[in-house]
Amino acid sequence: MRYGIAIIIVAFLAIVGTVVLFGRSNSSSNSKKTSRFTKLADYESKDGSVVTMTQQGKLVGEDQRRAIRVTVTRTYRRVEILDGYEERTERSNDYPNTPDAYTTFSRALDHLSFGKERTVVQPDERAMCPLGNRFVYRLTNNSQEVMRTWSDTCSASDGPFAGTSASTVQQLFRLQIPDYNLFTSSVQL
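Draft legend 1. Representation of unusual backbone geometry. The residue Asn142 is not glycine, and still its phi comes out positive at about 50 degrees. Its location among the elements puts Asn142 in the loop between β7 (134–141) and β8 (144–152). In this structure, Ser143 takes a positive phi of about 65 degrees despite not being glycine. Structurally, the position occupied by Ser143 is in the loop between β7 and β8. Exposure remark for Ser143: the relative accessible area of 70% places this residue in the exposed category.

Structure representation (structure tokens):
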């Protein structure tokens, strides 16, 4: 009788140990796949390289919806007020840029791990943080999307953006536009 109970206990412990062992090996192999890093420095010298940040506001009605997009390239910087959920350009301002300024900007973003992505449960930002702001970050090269991540003001773990500081990245984009505050002052997000 004692041997029977001992065999059952040993078998149970062997099964639990196997499950724990395989669970750990699977989660550790998955954790290696949960992040990706795109270096902007690899694209900074290309004429088709474009970096954008779009700030989306609360989830409101179509007629109330506004967003703000800042675009930076080797030759220009642009700020746009976007209308509705389709983000049609309502108005915009362009400013000149230089390759050296773009290189400095992209390296600063690399320093903040702008291109670092993580896998998240909800990769689509549209339903997330409905009463806060969402920030969509993109790198395109010759109109081909190289990287697209997002973060929000509700939780640092919501989006795939895995850089060191989303708020610093956002501020760097805003600082590219000399009259950012004046241009966006009438926009209610």
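Draft legend 2. Representation of the nonpolar core within the structure. Membership of the largest hydrophobic core comes to 26 residues, with the highest contact counts inside it found for Val51, Val79, Leu109, Phe114, Tyr137, Val169 and Phe173. Looking at this core, the elements that each hand over two or more residues are β2 (49–56), β3 (66–73), β4 (76–83), α2 (99–111), β7, α3 (166–175) and α4 (180–184). When sequence neighbours within four positions are dropped, the list of residues in contact with Val79 reads Ile68, Arg69, Val70, Arg91, Ser92, Asn93, Tyr95, Ile177, Tyr180, Phe183 and Thr184.

Draft legend 3. Examining the state of the cysteines more closely. Tallying each qualifying case throughout the model produces one disulfide. With a sulfur-sulfur separation of 1.9 Å, Cys129 is cross-linked through a disulfide to Cys154. Sign of the S-S torsion, about 80 degrees for the bond between Cys129 and Cys154, identifies this disulfide as right-handed. Of the two residues, Cys129 is situated in the loop between β6 (116–118) and β7 and Cys154 in the loop between β8 and α3; the sequence distance between them amounts to 25 residues.

Cut-offs and rules
- Residues numbered from 1 in each chain as written.
- Predicted model: local features only at pLDDT ≥ 70, side-chain atom pairs only at ≥ 80, totals over all residues.
- Heavy atoms only, no water.
- Helix = DSSP H or I, 4+ residues; strand = E, 2+ residues; numbered from the N terminus.
- Buried < 20%, exposed > 50% of the residue type's maximum accessible area, 1.4 Å probe, protein only.
- Core = buried A, V, L, I, M, F, W, Y, C linked by side-chain atoms within 4.5 Å.
- Contact = heavy atoms within 4.5 Å.
- Disulfide = S-S within 2.5 Å.

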